[in-house]
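Chain residues, written in single-letter form:
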Amino acid sequence: MRAIVYERFGPPEVLEQRLVPAPVAGPGEVLVRVKAAALNPKDSLIRKGKFVLFSGTKFPRMLGYDVAGVVEALGPGVSGFSVGDAVFGMRNGFDGGTVAELVAVKASELAKKPPSLSFEEAAAVPLAALTALQALRDCGGLAPGGKVLIHGASGGVGVFAVQLAKALGAHVTTTSSVKNLAFVRALGADVTLDYAVDSGLEPTRGWDVFFDVFGNRSFAKARASLGPRGVYVSTVPGPGIVATDLATRWWPGRRGRLVVVNSNTGDLTFLASLVASGRLVPVIDRVVPMAETAAAQAHIETKRARGKVVIHVE
Ligand SMILES: NC(=O)c1ccc[n+]([C@@H]2O[C@H](COP(=O)([O-])OP(=O)(O)OC[C@H]3O[C@@H](n4cnc5c(N)ncnc54)[C@H](OP(=O)(O)O)[C@@H]3O)[C@@H](O)[C@H]2O)c1
């Protein structure tokens, strides 16, 4: 089968399209014929060798975590899916492999594709929307009437965070560059700030959740802007936020948390239900063919993508 692979850590140019052996579905796995795969900053970070402790140094490595496609075969012990089902999901871990014609995915990391979405739209959902959901609902405890700041609202995670925060009943303030203010307002934001002139860090703001999607703030700086039981949630792992997460997780006052996205059928099904009711709409920056994967990754690395970058896999 055709797949995007790389033989060494490096820039997007290390990616190549190649014929590789097709995977088989092991116990608990579903073999998916891929129709579309979405890219994320995670793919670039692993390709650059930034997660080498977790990814290891075995090559060739395969690319991609988000997938939408059709069930080709079921491994032993799989229930809940049938051959021919349209599915979407995200692979956990660091092996990737969704930018390929076939991928074996744990059944527990898949759900039925929302019928109203194309495969490209469905592939855009899992990693980014799961991150937003788990940051706001699980780490932040966002509740109806809560005040949330979403810092970096126009990218892959941000566009879902705005919509999910509204679906959770929150009052939503966002930051973005000035060119994206109207775009983020159209997604449902109540107040839109230009991060170049207003960081959202004023102590009087009293955020219940400060979701640092872009990841260039810190708990130390955000702390004073939080309400008495407010939570700062970061997407970017580092020693500071990991230590803060451990130290404040059960604290009754202001807390700092690191979201670590986890793919599971329950949350994917919940997201699919929001899509079905029209409360969650994927935003796609661009769809490109497999042959343009390297250029697509380079585009994400400009940190200027508006929504998701999706690979169309024939
Ligand atoms: N921990 C986890 O489990 C997890 C999961 C998913 C993602 N992440 C991380 O979360 C981060 C965001 O992911 P993503 O997929 O949303 O990335 P992305 O799509 O590449 O984000 C692009 C967005 O970043 C915004 N941006 C650029 N410079 C900014 C600045 N100085 N301040 C605020 N926003 C800025 C841009 O908006 P403007 O053009 O308006 O500036 C653009 O829309 C990445 O670092 C990613 O690795 C972590």
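Please refer to the structure placed before this passage.
Residues numbered from 1 in each chain as written. Predicted model: local features only at pLDDT ≥ 70, side-chain atom pairs only at ≥ 80, totals over all residues. Heavy atoms only, no water.

K.L.:
When you look at the site of the ligand in this model, what are you seeing that I'm missing?
P.N.:
Of all residues adjacent to the ligand, which total 26 residues, the nearest are Ser154, Ser177, Tyr195, Val259 and Arg304. Between the ligand and Val157 there is a distance of 2.9 Å, counted from an oxygen atom to a backbone nitrogen or oxygen. Contact between the ligand and Lys179: an oxygen atom at 2.9 Å from a side-chain N or O atom of the residue. Across the complex, the protein chains shield 87% of the 940 Å² of accessible surface that the ligand would expose by itself. Elements represented by at least two residues in the shell around the ligand include exactly helix H1 (41–47), helix H4 (126–139) and helix H5 (156–167). A class-by-class count of the residues in the shell around the ligand yields 12 nonpolar, 11 polar and three charged. (Near = heavy atom within 4 Å. Polar contact = N/O pair within 3.5 Å; in protein donor to acceptor, adjacent residues only side chain to side chain. Areas by Shrake-Rupley, 256 points an atom, 1.4 Å probe, with all protein chains shown as cover. Helix = DSSP H or I, 4+ residues; strand = E, 2+ residues; numbered from the N terminus. Nonpolar A, V, L, I, M, F, W, Y, C, P; charged D, E, K, R; others polar.)

K.L.:
Just checking my understanding: could you explain the pairing of strand E3 (residues 29–39) for this structure?
P.N.:
A regular strand places its side chains so that they alternate between the two faces of the sheet. When you tally the buried positions in E3, you get nine out of 11 residues, the bulk of the element. Pairing of E3 with strand E7 (residues 102–106) involves five bridges; the strand directions are antiparallel. Paired with Leu31 across the bridge in E7 is Ala104. Two strands pair when backbone bridges link them, and E3 and strand E5 (residues 66–74) are joined in this way by six bridges, in the antiparallel orientation. Along E5, the bridge assignment pairs Val30 with Leu74. Both E3 and strand E16 (residues 308–312) contribute to a ladder of four bridges, which runs antiparallel. For Ala37, the partnering residue across the bridge sits in E16 and is Ile311. (Buried < 20%, exposed > 50% of the residue type's maximum accessible area, 1.4 Å probe, protein only. Pairing = 2+ DSSP bridges.)

K.L.:
Would you mind going over empty space enclosed by the protein with me for this structure?
P.N.:
In this approach a probe as big as a water molecule rolls over the atoms, and the regions it shows empty are the leftover space. For the structure on display, the rule yields one cavity of 30 Å³ or more. The space that makes up the largest cavity amounts to roughly 30 Å³. When contributions to the lining of the largest cavity are tallied by element, the ones reaching two or more residues are H1 and strand E4 (61–62). By residue class, the composition of the lining of the largest cavity is five nonpolar, one polar and two charged. (1 Å grid on protein atoms, 1.4 Å probe; cavity = no way out; pocket = protein on both sides within 12 Å on 5 of 7 lines; lining within 4 Å. Points joined across faces, edges and corners; volume = space filled by probe spheres on them.)

K.L.:
What am I meant to see in the layout of surface pockets here?
P.N.:
The computed volume of the second largest pocket comes to approximately 360 Å³. Along the wall of the second largest pocket there are 18 residues; nearest its centre are Met62, Arg91, Asp95, Gly96 and Gly97. Secondary-structure elements contributing two or more residues to the lining of the second largest pocket are E4 and E7. Sort the elements by how many residues they give to the lining of the second largest pocket and E7 lands first, with three residues. The class makeup of the residues in the lining of the second largest pocket is 11 nonpolar, two polar and five charged.

K.L.:
Explain the packing of aromatic side chains to me, please; I cannot follow it from the model alone.
P.N.:
The geometry of an aromatic ring pair is captured by two quantities: the separation of the ring centres and the angle between the planes. In the structure shown here, the tally under the stated rule is seven aromatic pairs. Aromatic side chains Phe9 and Phe59 sit 5.0 Å apart centroid to centroid with 70° between the ring planes, which places their arrangement in the edge-to-face category. Here Phe59 lies in the loop between helix H2 (52–55) and E4 and Phe9 lies in the loop between strand E1 (2–6) and strand E2 (16–19), a separation of 50 residues in the sequence. Among the residues examined, Phe59 registers a relative accessible area of 26% and is labelled partly exposed. Here Phe210 and Tyr232 contribute two aromatic rings whose centre-to-centre distance is 5.6 Å and whose plane-to-plane angle is 55°, an arrangement assigned as tilted. Residue Phe210 is located in strand E12 (residues 207–212), and its partner Tyr232 is located in strand E13 (residues 226–234); the two are separated by 22 residues in the primary sequence. Residues Phe210 and Tyr232 agree in their burial class; the two are buried. Three or more aromatic residues link up through ring pairs in this structure, and these residues are Tyr6, Phe9 and Phe59. (Phe/Tyr/Trp six-rings, centres within 6.5 Å; stacked < 30°, edge-to-face > 60°.)

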